[in-house]
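Take a look at the letters that make up each chain.
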Amino acid sequence: MTNNHSEFKTAQITVFKLQKRIYKATTRGDLRQARKLQKLLLNSQSAKIIAVRQVTQLNQGKKTAGIDGKIALTPKERMELIVRLKMWKTWKHQALREIPIKKKNGKTRMLKVPTISDRAYQCLLKLALEPAHEVTFHERSYGFRTGRSAHDAQKLTQNNLNSSANGKDKRVLELDISQYFDKIEHKSILEKLIAPKRVIKGIKLALKAGINPEFPSQGTPQGGVISPLLANIALNGIENIHQSIRYADDMVIFLKPADDEKVILNKLRIFLAERGLTINEEKTRVTPTTKGFNFLGWTFINKLNGKLTCYPTKESREELTKKVKNLITKSGSPTSEKVVKLAPIIRGWRNYHKYCDMSGNNGLWSLNNWTWKQLHKNKNATRYQTNSLIQKAFPTVDYSLFSFVSVKGNKSPYDGDMMYWAARNSKLYDNQTAKTLKKQGNKCGKCGMYLTGEQPVELHHINGNHSDNKPKNLTAIHRSCHIEIHSTYGKGLINLTNSEAV
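Quantities reported herein were computed from a predicted structural model and do not represent experimental measurements.

Looking at this structure, I do not really get the overall build of the protein. What am I missing?
Counting its regular elements, the protein contains 18 helices and 11 strands. Relative to the compact-globule value of 23 Å for 502 residues, the protein shows a C-alpha radius of gyration of 24 Å, a close match. Every one of the 502 residues in the protein was classed for burial, and the buried ones make up 50%. If you take every contact in the protein between residues at least 6 apart in sequence, the share linking residues at least 24 apart comes to 69%. A total accessible area of about 24300 Å² is found for the protein, and carbon and sulfur atoms account for 51% of it. Measuring between centres, the 85 positive side-chain charges of the protein sit 5 Å from its 41 negative side-chain charges.

Is there a simple way to think about the pairing of strand E4 (residues 244-247) in this case?
On any regular strand, side chains alternate: one points to one face of the sheet, the next to the other face. Of the two faces of E4, the one holding Ser 244 and Arg 246 and the one holding Ile 245 and Tyr 247 are both buried throughout. Connecting the antiparallel pair E4 and strand E5 (residues 250-255) is a turn made up of two residues, with Ala 248 showing a positive phi of about 60 degrees.

Quick question: what am I supposed to make of the sheet that holds E5 here?
The pairing of strands in a sheet happens through backbone hydrogen bonds and is either parallel or antiparallel. Judged by pairing direction, the sheet is antiparallel, and its four strands sit side by side in the order E4-E5-E3-E6 without closing on themselves. Sheet topology places E4 and strand E6 (285-288) at the edges, where each strand pairs with a single neighbour. Ignoring which end each strand starts from, the neighbouring axes of this sheet average 20 degrees apart. As defined by bridge partners, strand E3 (residues 171-175) adjoins E5 across five bridges and the pair is classed as antiparallel. Within E5, the residue paired with Glu 174 across the bridge is Val 252.

Could you clarify how one ought to interpret the pattern of salt bridges in this entry?
Charged atoms that come close allow side chains of opposite charge to pair. Taken as a whole and assessed by the stated rule, the structure comprises 13 salt bridges. As a salt-bridge pair, Lys 411 and Asp 417 come within 3.0 Å of each other at their nearest N and O atoms. In this structure, a network of salt bridges that share partners links the residues Lys 411, Asp 415 and Asp 417.

In this structure, what is going on with the side chain of Ser 244? I would like to understand it.
Relative to the helices and strands, Ser 244 resides in strand E4. What makes Ser 244 buried here is its relative accessible area of 0%. Here His 242 takes part through its backbone oxygen, which lies 3.0 Å from a polar atom of the side chain of Ser 244. Those residues in contact with Ser 244, other than ones at most four positions away along the chain, are Arg 140, Glu 239, Met 251, Val 252, Ile 253 and Phe 254.

I'm lost on the state of the cysteines in this one. Help?
Between two cysteines, a covalent bond joining their sulfur atoms is known as a disulfide. For the coordinates displayed, the defined rule picks out zero disulfides. Left without a disulfide partner, Cys 356 is nearest to the cysteine sulfur of Cys 310, which lies 3.7 Å away. On the accessibility criterion, Cys 356 (0% relative accessible area) is buried. No disulfide involves Cys 481; its sulfur sits 3.7 Å from that of Cys 444, the nearest cysteine. Look at Cys 481 and you get buried, because its relative accessible area is 2%.

I would appreciate a short explanation of the nonpolar core in the present structure.
One broad trend across soluble globular proteins is that nonpolar side chains are buried collectively. Among the nonpolar cores identified, the biggest contains 66 residues, and Tyr 180, Ile 203 and Leu 268 are the most heavily contacted of them. If you tally residues by element for this core, the top one is helix H5 (residues 116-136), at 10 residues. What Ile 203 contacts, discounting residues up to four positions off in sequence, is Leu 125, Leu 129, Leu 190, Leu 193, Ile 226 and Leu 230. Judged by nonpolar contacts, the second largest core, of 39 residues, contains Leu 161, Tyr 247, Ile 328 and Ala 393.

Could you clarify how one ought to interpret helix H14 (residues 365-376) in this entry?
Since the α-helix packs 3.6 residues into each turn, any two residues three or four apart lie on the same face. Spanning 12 residues, H14 covers 17 Å between terminal C-alpha atoms, matching the ideal 16 Å at 1.5 Å per step. All of the buried residues in H14 are Leu 367, Thr 371, Trp 372 and Leu 375. On an axial view of H14, the arc spanned by its buried residues comes to 140 degrees, and they lie on one face. Where H14 is buried, its residues touch helix H12 (314-330), helix H13 (335-352) and helix H15 (383-393).

Is there a simple way to think about the side chain of Thr 313 in this case?
With respect to the helices, strands and loops of the structure, Thr 313 is situated in the loop between strand E9 (308-312) and H12. With residues near it in sequence (within four places) discarded, Thr 313 still touches Asn 294, Gly 297, Trp 298 and Thr 299.

Looking at this model, I keep getting lost on the packing of H12 against H13. Mind explaining?
Two elements in contact, H12 and H13, have axes whose closest approach is 10 Å; the angle formed by their N-to-C orientations is 170 degrees. Between H12 and H13, the interaxial angle falls into the category roughly antiparallel. Of the residues in H13, those in contact with Ser 316, Arg 317, Leu 320, Lys 323, Val 324, Leu 327 and Ile 328 of H12 are Lys 338, Lys 341, Leu 342, Ile 345, Ile 346 and Trp 349. Its residues assigned to classes, the contact of H12 with H13 shows eight nonpolar, one polar and four charged.

The rules behind these values
Residues numbered from 1 in each chain as written. Predicted model: local features only at pLDDT ≥ 70, side-chain atom pairs only at ≥ 80, totals over all residues. Heavy atoms only, no water. Helix = DSSP H or I, 4+ residues; strand = E, 2+ residues; numbered from the N terminus. Rg over C-alpha atoms; globule rule 2.2 N^0.38 Å. Buried < 20%, exposed > 50% of the residue type's maximum accessible area, 1.4 Å probe, protein only. Contact = heavy atoms within 4.5 Å. Areas by Shrake-Rupley, 256 points an atom, 1.4 Å probe, with all protein chains shown as cover. Lys, Arg positive; Asp, Glu negative; His and termini not counted. Charge placed at Lys NZ, Arg CZ, Asp CG, Glu CD. Pairing = 2+ DSSP bridges. Axes fitted to C-alpha atoms, helices over the stretch in contact; angles between N-to-C directions. Salt bridge = Lys/Arg side-chain N within 4 Å of Asp/Glu carboxyl O. Polar contact = N/O pair within 3.5 Å; in protein donor to acceptor, adjacent residues only side chain to side chain. Disulfide = S-S within 2.5 Å. Core = buried A, V, L, I, M, F, W, Y, C linked by side-chain atoms within 4.5 Å. Expected span 1.5 Å × (residues − 1). Arc of directions from axis to C-beta. Parallel < 35°, antiparallel > 145°, perpendicular 65-115°, else oblique. Nonpolar A, V, L, I, M, F, W, Y, C, P; charged D, E, K, R; others polar.

Next up, the structure:
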């Protein structure tokens, strides 16, 4: 096998073609053919290359170790893992490393992390499972699905609660499921899988690896590559009970004045009980839209004049403020380094909330002012220098209330409509990235493939000078292509480093 970037590109094309065929076979109800194609994909060298590449170089949690302590693989180890994945039918899943994570309410949840090898195995199975289940997923399910995002859910919430939908007369049922990831019955997942028997057995073993001894047939571990997909499979169909929106296990149900919430809650209880789950009665509530409710980090509220607005929740602003103040006051780094670290945090927060009302303090005015005062404490800093630092630390992101264009119905990236998905993906970016994407026709400047959203788009500085942002020096490329360019080892799929894209 040749060690060059074209090999990875070929692998991507091969896998996507098979996924598209799996999707189409499932769409027409030919599950026998879908399973045959899934086996073909799982046995292909291309899928194994993609799986290893994904978990060792592209996933955000790639540097989190499992029980074996490994946070990275050498090029040789990655090659060996690709070879090992040929034995996917008889894969032995190792135990999970448990990492306690503090929750907002002060309690602790347990993140259960597989080894890098097991993450690659799970990723391989996911490549085969996802296109089949994308056919079955409800169009109002948005969490952890390719081509969908929280902003889709935000937009659909607006559509259900704006003045044309008589939103001010509606109430919202905020559903909270008790210990979803700990209590979900394995049977309710395994019975719904569209997959060959060997895959179902493999999923069962992966689930068993992360069980709580008190509940041997329950739970899907948070931290596994395949866990979000399994969560969606188990809860799929709950959207049919009433007009609603679901993002993973977060869900809001829209109630008209005549709707009886007791009847709807009873139906929800029955649905969840069949999956070993219960409603958290303390946190589940019915709220008039004129009083406001929180969903996915946003507060939605209908004013008495019927106009709906949305802004970042108080908790979201407080969490960001705490993070920024810790960075500025507790870090011993030079001011210039603090600014460099702060900029992506602010940009990421503002990008997430860019379809909200970000005027006034919603746009971090007071935090910006506090940071300015802290930076200006340096006796050698002039106002001009402090202003320059603040501009770098708090990058501007344009906002426009509810301007996001939601995905069409049951469209899926596996339907093969590359132009639709590339054009849609380009709208998620602004400023230089948006301009560069338009100039390139929404294709990657390195590999030439459409930038459809399966990976983040990154800007590459052609001459290596990151201060030179002239259009002719910028090209929009896949994150994987960016890693390839900046690889310490120069060329090849197996010779890529585990470093972040530069």
